[in-house]
Amino acid sequence: MKNNPILRVVTKTLFAPIILYGLYVQFHGDFGPGGGFQAGVIIAAAFILYGMVFSLEELKQLAPPRIVHALMAMGALIYTGVGVASFLLGAEFLNYDVLAKYPAKGQHYGILIVEFGVGLTVASTILGLFMAFAGFDIPKNKKPPKRSPSVKPNASVKKRS
Amino acid sequence: MSTLLINISLVSFMLVIALMITFSHRLFAIIVMSGAYSLISAAMFVNLDAVDVAFTEAAVGAGFSTVLFLAAMAWLPAEEKRDKALVILPLIVCFAAGSLLMWAVAYLPALGDPSSVVHQHVAPRYLAESYDILHIPNVVTTVLASYRGFDTLGETIVVFTAGLGVLLILTGKTGRVQNDKANNDIRDEDE
């Protein structure tokens, strides 16, 4: 797909707006439909589109797997961190009231940070899964018992990714 | 009235796609059609005013699952293996389960019925007090992140753990030939 100029130009044009839309869904979730789960998937979709049109290697340069895997844990850590923070400030686990001077303000901060953690985990998990699936290769010494001889897995993976 | 018409057309679309999936033998067509099926169910969720669910269904069901299936399809033959034998028992089970479900549908509360059980528990309290306490217009977000923050933490951990498990299965080091440089995979960061 890399040699198709239409796909290439459209992907490069759409990449930033998709991420912008994902961020809008992420941080506007208090007022409109949306939130961390949806935003995470949308942001991951931008990267997946990039990886499908260009190649898996270029996607790995854009989003190194090591960082993506770290962000998976980071999101869950941010969420739990909010809980621990409210815990340390003298309230129950995940009671956002104490995060700011006024309870309502604290709830706003808490929800925003927690949703950010959810978005981070979802986006990086989906991106990591895509990279693992697209780059999957059965080890040479462990060939599957039955495979149709007409299919060349590596060739088709490369063609698609 | 217009909602009813939209619902009828969407459901008939879904029925047609489901039948096409059943009778198709080409994997590529089946994957693409199940993506279309998800997209139409997303449209149904919009019609039911569940925009958040529609978002998720369109992005995950129609987008991401389709991509994953396509990536997995590279390892499979393009055509489904045809089975000539007539399958009586699965047919009976399908019809029995289907008629059981249709029978159960008759006992469900009407769509959007405010007096049904699910709308009597904590939902009225959330709807009444959440804006006054939290000043956040979207009740879905307040319930998800604040009232039910603990559940959402669990969901996030589930997503993380599931992703971790799949990554370990797909990119684990066991049985890998170390000096094989021919293929580009996640080995880079393993080393």
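Predicted model only: the values in this text are computed from it and were never measured.

So, how was this worked out
- Residues numbered from 1 in each chain as written.
- Chains lettered and ligands numbered in written order.
- Predicted model: local features only at pLDDT ≥ 70, side-chain atom pairs only at ≥ 80, totals over all residues.
- Heavy atoms only, no water.
- Helix = DSSP H or I, 4+ residues; strand = E, 2+ residues; numbered from the N terminus.
- Contact = heavy atoms within 4.5 Å.
- Areas by Shrake-Rupley, 256 points an atom, 1.4 Å probe, with all protein chains shown as cover.
- Buried < 20%, exposed > 50% of the residue type's maximum accessible area, 1.4 Å probe, protein only.

Caption draft 1: How the structure looks around the overall build of chain A. Scanning chain A from N- to C-terminus turns up 6 helices and 0 strands. Going from the N terminus to the C terminus, chain A shows its helices and strands as α-α-α-α-α-α. A separation threshold of at least 6 residues defines the contact pool for chain A, and within that pool the share at least 24 residues apart is 60%. On chain A, roughly 8,100 Å² of surface is accessible, and the fraction owed to carbon and sulfur atoms is 69%.

Caption draft 2: The overall build of chain B, seen in detail. Across its full length, chain B holds 8 helices and 0 strands. Listing each helix as α and each strand as β along chain B from the N terminus yields α-α-α-α-α-α-α-α. For chain B, buried positions account for 28% of its 191 residues. Residue pairs at least 24 apart in sequence account for 41% of intrachain contacts in chain B once pairs closer than 6 positions are excluded. A total of about 12,500 Å² of accessible surface is found on chain B, and carbon and sulfur atoms cover 73% of it.

Caption draft 3: Examining the side chain of B:Thr156 more closely. Mapping B:Thr156 onto the fold places it in helix 7 (residues 149-171). If we ignore the near neighbours within four places in the chain, the residues touching B:Thr156 are A:Ala76, A:Tyr79, A:Val118 and A:Thr121.

Spatial relationships are all this shows, so hold off on functional conclusions.
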